[in-house]
Amino acid sequence: MLLRIVKRDLQRNKIITFGLFVFIMLSALLVASASQVIMELSGSLNQLLIKSKAPHFVQMHAGQIDSSAIESFTATNPLVKDQQIVEMLNLDGSNVYLGSNQGSEANSVMDIGFVEQNPSFDLLLNLENKVIEVSAGEIAVPIYYMKQKNLKIGDVVSILGEQFDKKFVITDFVRDVQMNPAMVSSKRFVVNTADFIALRQNLGEPEYLIEFQLTDLSKLNDFRNEYQSSNLPNKGPSIDYPLFKTLNALTDGIIAVVIILVSVLLMLIAILCLRFTMIATLEEDYREIGVMKAIGITQQDIRSIYLAKYIVMAAVASVCGYLLSLGVVRLFTANITLYLGVAPASILQYFVPVLAVGLIFGVVVFFCRMILRRFNRITVVEALRSGTRGEARINTSRFSLSKRKFVNVNAFLGVKDVYGRFTMYGLLFFVFVISLFIVLVPVNILNTLQSPRFVSYMGVGQSDIRIDLQQSNQIEKRFNEMITKLENDPDISKLSPLITSRFKVLGSDGVWESLNVETGDFTIFPLSYVNGGTPSSASEIALSDLNAKELNKKVGDTVLLEVAVVAKKLTVSGIYQDITNGGRTAKSQLPYDPKTVLWYVVALDVNPGISVQAKMDQYTNLFYPAKITHLQSYLAQTLGNTIRQLKLVTGLSIVIAFSISVLITSLFLKMLLAKDSSQTAILRSVGFTLGDIRRQYLVRMLIISGLGVILGTFAANTLGQKIAQMLGSFMGASKIQFVINPAVAYLILPLLFMLIVALTTVTSTISMRKSSIAKLIVE
């Protein structure tokens, strides 16, 4: 009997049931996909870290190196499990030609390094996560270039210098636990030992990676402080194991969080629709419920009859969503598979997505039970006497047509109905709000990542060109000569020399730690500060957001720095956001010692009408081997992979949100037309045409969608902003501000949304033609 009742109810409300089924299925599909992404990301990343024997601490150093001092430090330090020095040969991009591409990598933002395979740990792997081995004349190319340049096995990499010409055949692609992510602006190519020696004799500048594996990873901070407090080589950034994990997981982790957000919002829509549908069903069956109670059927049995339908529907929808996710998830995990590899499947990889889908099912059933508590308020006498609970209405006496002679009658009746029954329209209103939120948040995040202003979250001001000088022979002399030439260049409107040096800072735990401090005039290309502002003297310092948190400092506090062997108190003038160098940097106007300089940078703007690319080409030749970067290109090249992934999720979100709007609008109108059938008959009888009545419904839907657009846009710019900041906190940019395209966010998308609602309304109300006045009156 129970199955017959469920079957009859499903047949009676096919469209509404289908709509609820789709919402639950989509929510299950997305939450299963996101959980599979997270599990695969976790498993693949851990597998890569294990297979590559990832180092725990790496100090990069440019310049001469004393290997015996490092070996002595290693031998006397109980925290060191293993240690190696990796020589990396940095080649200028103008010397490197990849595949069939006619141009060199001169304009690439990546630092190109050539290395041999490492003997002990930090192993460079191929696409099967096996240790790369190359013979003479062969080369293994980073995955980044495989994607960017569409390279394949057998293509040629050419190295061309003034007196050197060498061609390598690509035999493998490199998975590099240190430099895999696109946002890491260094890449390692693997060559044979003999080829490496030949390259070193003719081209490039050597740089060293001093790498350590520790006996106890929990003592990493202690080891870092010990190393940086010694006189060992340290002219370069230091990176560590947690940063490797964060950078490798960042892109796909952000995508998974966005998918989960969309899934949760879909679940909320499903619950709202479920509540509306169940209440409408109880209204229709009010008399039948009274009869069942009168003949002795218990309240629990009646509740079970109604609950059965939704349990069956939720179970089938959840299973379908899970099965679909098995195919769809490949769209989101392809990047993980390429960059991190495929880890052996564990039971958790199967169990967690099933558990996530089970949670969706459980939430649906729980809310069904909550809604069915209304049975407790139904009495037999009231149900049999009235046959309906009736509908509470708001007093609309203030809406009098006689007082508004110049108002269009159809528009007036539409507005009046919305005002009088806004509680009923509330469901549709909230669905529209959530739908706009689902659309606008990913669109705004995507627009922010693509904006030139995003460079302000990288700890640098927005300029046309950035010139980097890494450590090399006579670097200070080269830097001064470069500044002189740039100051005499009439094409430059403004420039700012910046020097990064290493100082000692007293940490929150009372231990002296190393701190990279950039000195210069920060008013020329100002940063975006979370709090405070630019350091205006040598007694002030600005800290990156992560550094401020680690040092437990805020604007106005003092920090103790060791400057020229003297402890000096500096006041924190501002806190800014930075996603470079692990997010741990500082800015000041301190005097610097050339011996402690890590690197030199010049930021500059060219005059209006001057070609940025032409100046970059000129400076590439003039200041060789300096790295010349167009900051807008830097964002495109380093965040390109993240942007591509986010575009996929954004497109999916827009399609889902607009589809939801079409479906819920048509379902709501179907219910509304049935509910208003007698009122429609009366309007027809007093002379209103079907066109008039259709326009009244159109006014109602446009009012609700318009209000939904307003609140949805507000929610996207407030709550959505908080979500973006939560994602940015993983990178060291916890105060990311949306860069909004007003034409898209405030005009095109809202108008498109309202147009879709209007078209759905017109289409859905066509069914009124099938009803005659007599039939409507009889009903």
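Refer to the structure above for everything that follows.
It should be emphasised that the depicted structure is a prediction, and the values quoted were computed from it without experimental measurement.

*Asks:* Run through the overall build of the protein chain, naming residues and quoting values.
*Replies:* Counting its secondary structure elements, the protein chain contains 22 helices and 20 strands. Surface accessibility of the protein chain: about 33,900 Å² in total, with carbon and sulfur atoms responsible for 59%.

*Asks:* I'd like a description of the pattern of salt bridges, backed by residues and values.
*Replies:* For the coordinates displayed, the defined rule picks out 17 salt bridges. Residue Asp489 is joined to Lys615 by a salt bridge in which the shortest nitrogen-to-oxygen separation is 2.9 Å. With Asp489 in the loop between helix H14 (475–487) and strand S12 (492–506) and Lys615 in helix H16 (residues 612–622), the pair connects residues that are 126 residues apart, well separated along the chain. Just as Asp489 is buried, Lys615 falls in that class too. Ionic contacts of the salt-bridge type, sharing partners, join the residues Asp122, Asp176 and Arg188 into one network.

*Asks:* Give a detailed account of the sheet that holds strand S1 (residues 57–61), specifying residues and quantitative values.
*Replies:* Sheet architecture is open: 10 strands sit in the order S3-S6-S7-S5-S8-S4-S2-S9-S1-S10, paired in mixed fashion. Two strands bound the open sheet, and with one partner strand each, they are strand S3 (96–98) and strand S10 (238–240). Strand-to-strand twist across the sheet, computed as the mean angle between neighbouring axes with direction ignored, equals 30°. With three bridges connecting them, S3 and strand S6 (residues 156–160) associate as antiparallel partners. Considered in S6, the bridge of Tyr97 is made with Ser158. Lying over the sheet, helix H5 (residues 193–202) contacts strand S2 (80–91), strand S4 (111–115), strand S5 (138–142), S6, strand S7 (165–174) and strand S8 (186–191), oriented at roughly 55° with respect to S2. In the packing of helix H6 (residues 220–229) onto the sheet, contacts are made with S1, S2, strand S9 (205–214) and S10, and the angle to S1 comes to roughly 25°.

*Asks:* If you had to explain helix H13 (residues 422–450) to someone new, which residues and values would you point to?
*Replies:* Since there are 3.6 residues in each turn of an α-helix, residues three or four apart along the chain are aligned in direction. Compared with an ideal rise of 1.5 Å per residue, which puts 29 residues at 42 Å, H13 spans 40 Å between its outermost C-alpha atoms and is within 8% of the ideal. At Leu428, H13 shows its maximal bend, which comes to roughly 25°. Burial runs high along H13: 24 of the 29 residues are buried.

Conventions adopted
- Residues numbered from 1 in each chain as written.
- Predicted model: local features only at pLDDT ≥ 70, side-chain atom pairs only at ≥ 80, totals over all residues.
- Heavy atoms only, no water.
- Helix = DSSP H or I, 4+ residues; strand = E, 2+ residues; numbered from the N terminus.
- Areas by Shrake-Rupley, 256 points an atom, 1.4 Å probe, with all protein chains shown as cover.
- Salt bridge = Lys/Arg side-chain N within 4 Å of Asp/Glu carboxyl O.
- Buried < 20%, exposed > 50% of the residue type's maximum accessible area, 1.4 Å probe, protein only.
- Pairing = 2+ DSSP bridges.
- Axes fitted to C-alpha atoms, helices over the stretch in contact; angles between N-to-C directions.
- Contact = heavy atoms within 4.5 Å.
- Expected span 1.5 Å × (residues − 1).
- Bend = angle between axes of the 7 residues up to and from the residue.

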